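Listed below are the residues making up each chain.
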Amino acid sequence: MPRSPGGATVRGMSCCSHCRDAEGFFGDRTARRELRRYRKRGPPTSTRRLLDALREKGVEGRTLLDVGGGVGMIQLELLDEGLRSALHIDASRPYLEVAEKALTEAGHGERTTRRFGDFVELVAQDPDVPAAEIVTLDRVICCYPRLAALLEASVHCTRERLGLVYPRERVGTRVALAIGNLWFRIRRSDFRAYLHPPDQVHRILEAHGFRRTRSDRTFIWQVEVWEPADGPGGSTPD
Ligand SMILES: C[S@@+](CC[C@H](N)C(=O)[O-])C[C@H]1O[C@@H](n2cnc3c(N)ncnc32)[C@H](O)[C@@H]1O
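All right, on to the site of the ligand then. Within the structure, the ligand sits among 18 residues, and Gly-68, Asp-90, Phe-119, Asp-138 and Arg-139 are positioned closest to it. Backbone polar atom of Asp-138 to a nitrogen atom of the ligand: 2.7 Å apart, as the coordinates give it. Take Arg-139: an N or O atom from its side chain is 2.8 Å from an oxygen atom of the ligand. For the ligand, the protein covers 95% of the area, taking 590 Å² as the surface of the free molecule. Comparing atom positions with the cavity grids shows the ligand to sit within the largest pocket. A breakdown of the residues in the shell around the ligand according to their chemical character gives 9 nonpolar, 5 polar and 4 charged.

What follows is the structure, encoded as structure tokens:
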């Protein structure tokens, strides 16, 4: 059976063509460049805002599921602050490898695990994908075509708090994504970026018994924390 970075057995590996091409876009050079930038300047503003929002109710002793965690910025920041453990699921092997190296160098190797694959498919195929107190999707919603499926899988895994960073609905963003997607089409890549309307995000999460407890924004990004309306561990999606 294939092995993922970090030695975790890879199950439910099947990735859609979109995710396969995401791996081309989020490749080794990009990952190493992003890690260098993080080490030099810290997390970007939107990630910092999400981290601040999560810190408000504390992270110590909590478990984290970092979906599409990239080079591991959220894990690196919160493990330093007493997070118990982190699982990183990502559709990009280069990102997982770079994140693993950075976390090991930071002394967090023992408290982190990784799984490669499409998070939605992993949850659908493998009921053992562990739930976590905190689940984060930092700039991941805009990389995935099936919004409802992505949010439903996220809700399914969230015990306490779900942190999201996704694009605001702005004309400028729509134009930028259209140009980017034209470029992917010319390159014959199946990867696309998506501007899922915030209203739709809200409707889906509310329908699954979640309420928004924190909302912030930057020029481009919407930053939100959602919690099960009936308290931690109370989400019962189906
Ligand atoms: C724009 S990057 C963001 C990385 C990081 N969260 C950050 O904010 O720097 C999107 C990440 O999500 C991952 N991703 C996209 N769709 C995914 C899916 N369905 N399952 C798992 N990871 C996914 C990509 O491989 C990539 O690592």
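A word on the packing of helix H7 (residues 147-157) against helix H9 (residues 198-207). As a packed pair, H7 and H9 sit with axes 10 Å apart at the nearest point and diverge in direction by 40°. Between H7 and H9, the interaxial angle falls into the category oblique. The two elements H7 and H9 meet at a crossing, and its hand is right-handed. Together, Leu-147, Ala-148, Leu-151 and Val-155 of H7 and Gln-200, Val-201, Ile-204 and Leu-205 of H9 make up the contact between the two elements. The class makeup of the residues in the contact of H7 with H9 is 7 nonpolar, 1 polar and no charged.

So, about the confidence of the model for the protein. Predicted confidence across the protein gives a mean pLDDT of 88, with 87% of residues reaching 70 or more. Within the model, the stretch residues 234-238 combines pLDDT values under 50 with 10 contacts to residues more than four positions away or in other chains.

Bringing the pattern of salt bridges into the picture now. Applying the stated criterion across every chain yields a total of 17 salt bridges. Lys-57 is paired through a salt bridge with Glu-227; the nearest N and O atoms lie 2.8 Å apart. Here the residue Lys-57 occupies a position in the loop between helix H3 (45-55) and strand S1 (63-67), and Glu-227 occupies one in strand S7 (residues 221-228), the gap between them amounting to 170 residues. The exposure class of Lys-57 is partly exposed, given its relative accessible area of 46%. For Glu-227, a relative accessible area of 10% corresponds to the buried category. Notably, a salt bridge pairs Arg-114 with Glu-100, separated by 3.8 Å at the nearest N-O pair. Within this pair, whereas Arg-114 is found in strand S3 (residues 112-116), its partner Glu-100 is found in helix H5 (residues 93-105), the two being separated by 14 residues in sequence. When salt bridges with common partners are traced through the structure, they connect Asp-52, Arg-55, Glu-77 and Glu-81 into a single cluster.

Conventions and cut-offs
- Residues numbered from 1 in each chain as written.
- Predicted model: local features only at pLDDT ≥ 70, side-chain atom pairs only at ≥ 80, totals over all residues.
- Heavy atoms only, no water.
- Near = heavy atom within 4 Å.
- Polar contact = N/O pair within 3.5 Å; in protein donor to acceptor, adjacent residues only side chain to side chain.
- Areas by Shrake-Rupley, 256 points an atom, 1.4 Å probe, with all protein chains shown as cover.
- 1 Å grid on protein atoms, 1.4 Å probe; cavity = no way out; pocket = protein on both sides within 12 Å on 5 of 7 lines; lining within 4 Å.
- Sits in = over half its atoms within 2 Å of the grid points.
- Nonpolar A, V, L, I, M, F, W, Y, C, P; charged D, E, K, R; others polar.
- Axes fitted to C-alpha atoms, helices over the stretch in contact; angles between N-to-C directions.
- Helix = DSSP H or I, 4+ residues; strand = E, 2+ residues; numbered from the N terminus.
- Parallel < 35°, antiparallel > 145°, perpendicular 65-115°, else oblique.
- Left-handed = near helix turned anticlockwise from the far one by under 90°.
- Contact = heavy atoms within 4.5 Å.
- pLDDT = per-residue confidence, 0-100.
- Salt bridge = Lys/Arg side-chain N within 4 Å of Asp/Glu carboxyl O.
- Buried < 20%, exposed > 50% of the residue type's maximum accessible area, 1.4 Å probe, protein only.

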